[in-house]
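Okay, here's what each chain looks like letter by letter:
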Amino acid sequence: MKVDIWSDVACPWCFIGKRRFEAAAAEFSSGGNSVEVEYHSFELSPDTPVDYAGTHSDFLSTHKGIPEAQASRMLAQMTELGKTVDIAYDYDALHTTNTIKAHQLLHLAKSHGLQVEMKERLLKAYFEEGRHVGETDELADLGADVGLDRDEVVKALESDQFLDDVLADKAQAVAYGINGVPFFVINGKYGVSGAQESAVFVDVLTQAAAE
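Keep in mind it's a predicted model, so treat the numbers as computed, not measured.

What counts, and at which threshold
Residues numbered from 1 in each chain as written. Predicted model: local features only at pLDDT ≥ 70, side-chain atom pairs only at ≥ 80, totals over all residues. Heavy atoms only, no water. Axes fitted to C-alpha atoms, helices over the stretch in contact; angles between N-to-C directions. Helix = DSSP H or I, 4+ residues; strand = E, 2+ residues; numbered from the N terminus. Parallel < 35°, antiparallel > 145°, perpendicular 65-115°, else oblique. Left-handed = near helix turned anticlockwise from the far one by under 90°. Contact = heavy atoms within 4.5 Å. Nonpolar A, V, L, I, M, F, W, Y, C, P; charged D, E, K, R; others polar. Buried < 20%, exposed > 50% of the residue type's maximum accessible area, 1.4 Å probe, protein only. Pairing = 2+ DSSP bridges. Phe/Tyr/Trp six-rings, centres within 6.5 Å; stacked < 30°, edge-to-face > 60°.

1. Here we look at the packing of helix 1 (residues 12–29) against helix 3 (residues 68–83)
Link 1 in the chain: Two numbers describe how helix 1 lies on helix 3: the axes approach to 11 Å, and their chain directions differ by 15°. Relative to helix 3, the element helix 1 lies roughly parallel. For the element pair helix 1 and helix 3, the recorded crossing hand is left-handed. Across the interface between the two elements, Pro12, Trp13, Ile16 and Arg20 from helix 1 touch Met78, Leu81 and Gly82 from helix 3.
Link 2 in the chain: Grouping the constituent residues of the contact of helix 1 with helix 3 by class yields 5 nonpolar, 1 polar and 1 charged.

2. Thoughts on the side chain of Thr136
Link 1 in the chain: With respect to the element layout, Thr136 can be found in helix 6 (residues 136–145).
Link 2 in the chain: Exposure remark for Thr136: the relative accessible area of 18% places this residue in the buried category.
Link 3 in the chain: Not counting the four nearest positions on each side in its chain, Thr136 is found in contact with Val154, Leu157 and Glu158.

3. Description of the sheet that holds strand 4 (residues 190–193)
Link 1 in the chain: Strand order in the open sheet formed by 4 strands is 2-1-3-4, with mixed pairing between adjacent strands. Only two strands of the sheet have a single partner each, and these edge strands are strand 2 (36–41) and strand 4. For this sheet, the mean inter-axis angle between neighbouring strands, taken without regard to orientation, is 20°.
Link 2 in the chain: Those strands touched by helix 1 are strand 1 (2–7), strand 2 and strand 3 (183–186), and its axis lies near 165° from that of strand 1.

4. Some thoughts on the packing of aromatic side chains
Link 1 in the chain: One pass over the structure, following the stated rule, counts 11 aromatic pairs.
Link 2 in the chain: Between the aromatic rings of Phe21 and Phe201, the centroid separation amounts to 5.4 Å while the plane-to-plane angle is 90°, which identifies the pairing as edge-to-face. Placement of Phe21 in helix 1 and of Phe201 in helix 9 (residues 198–210) is noted, with a sequence separation of 180 residues between them. Across this residue pair, the class does not change: Phe21 and Phe201 are buried.
Link 3 in the chain: Seen in terms of ring centroids, Tyr89 and Phe127 are 5.1 Å apart; in terms of plane orientation they differ by 85°. Their pairing is edge-to-face. Of this pair, Tyr89 sits in the loop between helix 3 and helix 4 (100–111) while Phe127 sits in helix 5 (residues 115–127); the two residues are 38 residues apart in sequence, bridging distant segments of the chain. The residues Tyr89 and Phe127 share a single accessibility class, namely buried.
Link 4 in the chain: In this structure an aromatic cluster arises from ring pairing among Phe15, Tyr89, Tyr91, Tyr126 and Phe127.

Structural data, given as structure tokens:
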């Protein structure tokens, strides 16, 4: 079973969706099935500066037009929701940044068979550890954490070696009509939008397998 997932490193719902899907995939696989996952790039806010100086609440207010009080409530609610799937969102430490380089790193990791591990490392670094996932040096450290060669990461990011792959993913999202993430495509046939409950994913995987 092939599952293509469009998501962004800076998307809290993508982190929750990843956890819920993984639980579903584990349940589905327990019956003797196998699931292959490939992540694809999608930027929710491509105009985000690399070095945004304010808080994430400030960002939502100034860049997204969400009233600051509402933004604070949203982040608090997301923090509580994260706890239900063992995610420790830390919005006080979070460093809002552009994710284009992080997406390039994911493509480099894919070329080494480490994309799933890299995706998890980036999400944890961004949402739980307050790491700056827009900086090449920081990304190189994170790549090394999952087994990539640090020098190779620096070289690839500084040369934009995988930028065309990121742009191709974004173009495919447009072709599919994807305008929000996470978005899951199962066996190239079934589309599931959003961080659905695990039971929903199990049902779709089971239906796709039956066909």
